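Listed here are the chains, written in short residue letters.
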Amino acid sequence: MKITDVRVRKVTKDGKMKAVVSVTIDDEFVVHDIKVIEGDKGLFIAMPSRKASDGEYRDIAHPINTETRNILQDMILEKYLKTLESDT
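The shown structure was predicted, so the numbers you read here are calculated from the model rather than taken from an experiment.

Undergrad: Please explain the overall build of the protein as it appears in this structure.
TA: When helices and strands are tallied, the protein shows one helix and six strands. Each helix (α) and strand (β) of the protein, taken in turn from the N terminus, gives the series β-β-β-β-β-β-α. Taken over C-alpha atoms, the radius of gyration comes to 13 Å for the protein, in line with the 12 Å a tight globule of 88 residues would show. Referenced to the eigenvectors of the C-alpha coordinate spread, the extents of the protein come out at roughly 45 × 35 × 20 Å. Burial statistics for the protein: of 88 residues in total, 27% are counted as buried. Within the protein, residue pairs in contact and separated by at least 24 positions form 30% of the contacts whose partners lie at least 6 positions apart. Here the protein displays about 6,500 Å² of accessible surface, and carbon together with sulfur accounts for 49% of that area. Averaged over its 15 positive side-chain charges, the protein has a centre that lies 5 Å from the centre of its 16 negative ones.

Undergrad: Sorry if this is basic, but what is going on with the sheet that holds strand β2 (residues 17-25) here?
TA: Each strand in a sheet pairs with another by means of backbone hydrogen bonds, the pair being arranged parallel or else antiparallel. The four strands lie next to each other as β1-β2-β3-β4, forming an open sheet whose pairing is antiparallel. The open sheet has two free edges, formed respectively by β1 (3-10) and β4 (42-46), since each of these has just one partner strand. Neighbour-to-neighbour, the strand axes of the sheet open up by a mean angle of 25°, direction not taken into account. Here seven bridges tie β2 to strand β3 (residues 29-39), and the two strands are oriented antiparallel to one another. The residue bridging I25 from the neighbouring strand is F29, located in β3.

Undergrad: It is not clear to me how the side chain of T83 should be interpreted in this structure. Could you clarify?
TA: Here T83 shows up in helix α1 (residues 66-86). When its relative accessible area of 18% is taken as the criterion, T83 is described as buried. Ignoring anything within four residues of it in the chain, the contact list for T83 reads V8 and K10.

Undergrad: Looking at this model, I keep getting lost on the pairing of β2. Mind explaining?
TA: Put simply, side chains in a regular strand alternate between the two faces of the sheet. Among the nine residues of β2, seven are classified as buried, and the element is accordingly described as predominantly covered. The hairpin turn running from β2 into β3, its antiparallel successor, is three residues long, and D26 in that turn takes a positive phi close to 55°.

Undergrad: For this particular structure, what's the right way to read α1?
TA: Helix length check: α1, at 21 residues, gives a terminal C-alpha distance of 30 Å against a target of 30 Å (1.5 Å per residue), a fit within 8%. Of the residues making up α1, those classed as buried are L72, Q73, I76, L77, Y80 and T83. Angularly, the buried residues of α1 cover 125° about the axis, an arc narrow enough to put them on a single face. Turned more than 90 degrees away from the buried face of α1, the exposed residues are E67, E85 and S86. Where α1 is buried, its residues touch β1, β2, β3 and β4.

Undergrad: What should I look at first to understand the side chain of Q73 in this one?
TA: Note on placement: Q73 falls in helix α1. Given a relative accessible area of 18%, Q73 falls into the buried group. Not counting the four nearest positions on each side in its chain, Q73 is found in contact with F44 and I45.

Rules behind the numbers
- Residues numbered from 1 in each chain as written.
- Predicted model: local features only at pLDDT ≥ 70, side-chain atom pairs only at ≥ 80, totals over all residues.
- Heavy atoms only, no water.
- Helix = DSSP H or I, 4+ residues; strand = E, 2+ residues; numbered from the N terminus.
- Rg over C-alpha atoms; globule rule 2.2 N^0.38 Å.
- Buried < 20%, exposed > 50% of the residue type's maximum accessible area, 1.4 Å probe, protein only.
- Contact = heavy atoms within 4.5 Å.
- Areas by Shrake-Rupley, 256 points an atom, 1.4 Å probe, with all protein chains shown as cover.
- Lys, Arg positive; Asp, Glu negative; His and termini not counted.
- Charge placed at Lys NZ, Arg CZ, Asp CG, Glu CD.
- Pairing = 2+ DSSP bridges.
- Axes fitted to C-alpha atoms, helices over the stretch in contact; angles between N-to-C directions.
- Expected span 1.5 Å × (residues − 1).
- Arc of directions from axis to C-beta.

Set out below in structure tokens:
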């Protein structure tokens, strides 16, 4: 699996959500609505989710293991930070 594109759309409203990201994998598959969140321990990503009938939110798509999640998160946050730099 190779991430071939990361597109960042910054959120202009104040709050914890800083951006919404789309990631393309192998130039063939895209995952939309990955969120960049500012938490107490810094930036992290939240995968796209949907509210279930019990009121809980469940991820629609997500990495299967920690290594893949870390690779994805690192790429997304790097692109987000570069986007911030280019705006200044």
